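Single-letter residue listing:
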Amino acid sequence: MKRRHFVQAGAAMLASPALLRASRATAQGGLPITVSSYLLDRTEALFDGRVEIEGTDATFVADAIGDMNTAAFSGSGTREITELGLHPFMLAHANEGFRDYALLPIPLLRQFRHKSVFVRTDAGIKRPEDLLGRRIGTPGYSSTSLTWIRGIFEDEYGVAPTDVEWVVATGDSSAGEAGRSSDQENRLPDGVQVSSGPSGMDESDLLLSGEVDALFHAATPAAYLEGDERIARLFPDFRSVERDYFKRTGIFPIMHVLAIRRDTAADHPWLARAVFDACSQAKSAAYRTKDRLGWATDMLPWYSQELEDTRALMGRNFYPYGIEANRKTIETLFRYSHAQGLASRVLSMDETFLPGTLEFAEA
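Residues numbered from 1 in each chain as written. Predicted model: local features only at pLDDT ≥ 70, side-chain atom pairs only at ≥ 80, totals over all residues. Heavy atoms only, no water.

Topic: the overall build of the protein
Scanning the protein from N- to C-terminus turns up 14 helices and 14 strands. Relative to its full complement of 363 residues, the protein shows a buried share of 54%. The contacts in the protein between residues at least 6 apart in sequence include a share of 80% that link residues at least 24 apart. Accessible area of the protein: about 16,000 Å², with a carbon and sulfur share of 50%. (Helix = DSSP H or I, 4+ residues; strand = E, 2+ residues; numbered from the N terminus. Buried < 20%, exposed > 50% of the residue type's maximum accessible area, 1.4 Å probe, protein only. Contact = heavy atoms within 4.5 Å. Areas by Shrake-Rupley, 256 points an atom, 1.4 Å probe, with all protein chains shown as cover.)

Concerning the sheet that holds strand β9 (residues 135–138)
Spatially, the 6 strands line up as an open sheet ordered β11-β10-β9-β12-β8-β13, and their pairing is mixed. In the strand order of this sheet, the two ends are held by β11 (193–196) and β13 (231–233), each with one partner. This sheet shows a mean twist of 30 degrees between the axes of neighbouring strands, independent of strand direction. In terms of strand pairing, strand β8 (residues 117–120) meets β13 through 3 bridges, oriented antiparallel. Residue valine 119 lies in a different strand from β13, and its bridge partner there is alanine 232. Running over the sheet, helix α4 (residues 144–157) touches β8, β9, β10 (165–168) and β12 (214–216) and is turned about 120 degrees from β12. (Pairing = 2+ DSSP bridges. Axes fitted to C-alpha atoms, helices over the stretch in contact; angles between N-to-C directions.)

Focus on the environment of glutamate 362
With respect to the helices and strands, the residue glutamate 362 is situated in the segment after α14 (349–352). In this structure, the C-alpha to C-alpha distance between glutamate 362 and glycine 322, residues 40 residues apart in sequence, is 6.8 Å. Engagement of the side chain of glutamate 362 in a polar contact is seen with the side chain of asparagine 317, the distance being 2.9 Å. Of the polar contacts made by the side chain of glutamate 362, one reaches the backbone nitrogen of tyrosine 321; its length is 3.0 Å. (Polar contact = N/O pair within 3.5 Å; in protein donor to acceptor, adjacent residues only side chain to side chain.)

A few points about the packing of helix α10 (residues 271–292) against helix α12 (residues 303–314)
For the pair α10 and α12, interaxial distance at closest approach is 10 Å and the crossing angle is 130 degrees. What the angle tells us is that α10 and α12 run oblique. Contact with α10, carried on its side by Tyr287, Lys290 and Asp291, involves Tyr303, Leu307 and Arg311 of α12 and no other residues of that element. Its residues assigned to classes, the contact of α10 with α12 shows 3 nonpolar, no polar and 3 charged. (Parallel < 35°, antiparallel > 145°, perpendicular 65-115°, else oblique. Nonpolar A, V, L, I, M, F, W, Y, C, P; charged D, E, K, R; others polar.)

Observations regarding helix α13 (residues 327–339)
Between its first and last C-alpha, α13 extends 18 Å over 13 residues, near the 18 Å set by a 1.5 Å rise per residue. Taken residue by residue, α13 has Thr329, Ile330, Thr332, Leu333, Phe334, Tyr336 and Ser337 as its buried positions. In this fold, the buried residues of α13 make contact with α3 (86–96), β7 (109–110), α4, β14 (254–261) and α14. (Expected span 1.5 Å × (residues − 1).)

Here we look at the pattern of salt bridges
Counting across every chain of the model gives 26 salt bridges. Linked by salt bridges that have partners in common, Asp41, Arg42 and Lys290 make up one network. (Salt bridge = Lys/Arg side-chain N within 4 Å of Asp/Glu carboxyl O.)

A word on the pairing of strand β3 (residues 31–37)
Burial within β3 is extensive, with 5 of its 7 residues counted as buried. Bridging between β3 and strand β4 (residues 56–62) involves 7 bridges; their strand directions are parallel. In the strand pairing of β4, serine 36 is matched with valine 61. Sheet topology note: the β3/strand β5 (residues 81–85) ladder contains 2 bridges and is parallel. Bridged to serine 36 within β5 is threonine 82.

Digging into the nonpolar core
Among the nonpolar cores identified, the biggest contains 92 residues, and Ile53, Ile106, Phe153, Phe216 and Val275 are the most heavily contacted of them. Here the element with the most residues in this core is α10; it accounts for 10 residues. Within the second largest apolar cluster, 11 residues are counted, among which are Phe118, Leu207, Leu208 and Ala223. (Core = buried A, V, L, I, M, F, W, Y, C linked by side-chain atoms within 4.5 Å.)

Notes on the packing of aromatic side chains
Taken as a whole and assessed by the stated rule, the structure comprises 17 aromatic pairs. Look at tyrosine 141 and tryptophan 166: their rings are 5.4 Å apart centre to centre, the planes differ by 90 degrees, and that puts the pair in the edge-to-face class. Here tyrosine 141 is found in the loop between β9 and α4, whereas its partner tryptophan 166 is found in strand β10, with 25 residues between them in sequence. Classification of tyrosine 141 as buried rests on a relative accessible area of 1%. Summarising the aromatic geometry, the rings of tyrosine 287 and phenylalanine 318 are spaced 5.2 Å apart at their centres and angled 65 degrees between planes, so their arrangement reads as edge-to-face. Of this pair, tyrosine 287 sits in helix α10 while phenylalanine 318 sits in the loop between α12 and α13; the two residues are 31 residues apart in sequence, bridging distant segments of the chain. With respect to class, tyrosine 287 is no different from phenylalanine 318; both count as buried. In this arrangement the basic side chain of arginine 311 is found over the ring face of tyrosine 287, its NZ or CZ atom lying 5.6 Å from the centre. (Phe/Tyr/Trp six-rings, centres within 6.5 Å; stacked < 30°, edge-to-face > 60°. Lys NZ or Arg CZ within 6 Å of the ring centre and 35° of its normal.)

Looking at the environment of threonine 310
Examined against the element boundaries, threonine 310 turns out to sit in helix α12. Judged by its relative accessible area of 16%, threonine 310 is buried.

Structural notes on the side chain of asparagine 326
With respect to the helices and strands, the residue asparagine 326 is situated in the loop between α12 and α13. Discounting chain neighbours no more than four positions away, the residues touching asparagine 326 are Pro107, Arg110, Ile254, Pro320 and Tyr321.

As structure tokens, this is what we get:
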């Protein structure tokens, strides 16, 4: 009989580091591994034991992305499987010779990013082109989300990183959810105007004080959430803008990807496929929950309509795993990173993803 043990503290979707752990033995003698990630709808079935990684005795640890990045790139690196920021991994791989982990074609977190641009309502910024020559605040210049936003703004609106002045905040109001930024999220390229914001001011403070005219930030700034009328989104109807972007480009930006220790993968060549299959099954379980119970468990009144609209545009499997479904998106970020002076070269799939996993596809 299979043994399961779960300890859960709190029920937040984004659990605090090390607060939620789940451990189970799939069979006597299963390979002991530790898997760290956020607790999300597509990982929940792994954490609660409905889906198991075949052949393993897996311990699941809910953690924050900044802390997972730091643990992998400059810490102990003891977790066999871990969620990592895609762009921090790219910088560690291209610029620092980091080879301890390889990526798996499992993009656990992705977000459209037009929603992530905020402006002062008195700054006269109505269009992306109005940002030319302005001061833009950010809590982490080389984070995945910021690299996506800069690339999109250059491709779509002709606003290059060199066309504005960047102010890096010394604080981040989303640190509780994201953890402390890793070193790879704070790299600064040559050729752009970058300064540090006043000590003790987070990104909301920069915008409210007038230190900056606009803000690029993955998380919604605290002042906006509190309803401060001095801050607005650059794209008030960001849903329409993002849907149009996907319709034209086919790109659904990837933020975080699951990775595996290269030595573990070499010693246990079956493990990568077992992890891919388990993650795909857990995501399928999340889809089933959305279809059958999401309308009741989620407080959004038009949840079912949103789900149907998303599938009409993006397909039933709108959060695909595997390389081919994500090739254009990943290669676009490879291009952005080098073009922005961050990665030392344009990376390739073959060098960043674990050999053999480029052929993985969902059933």
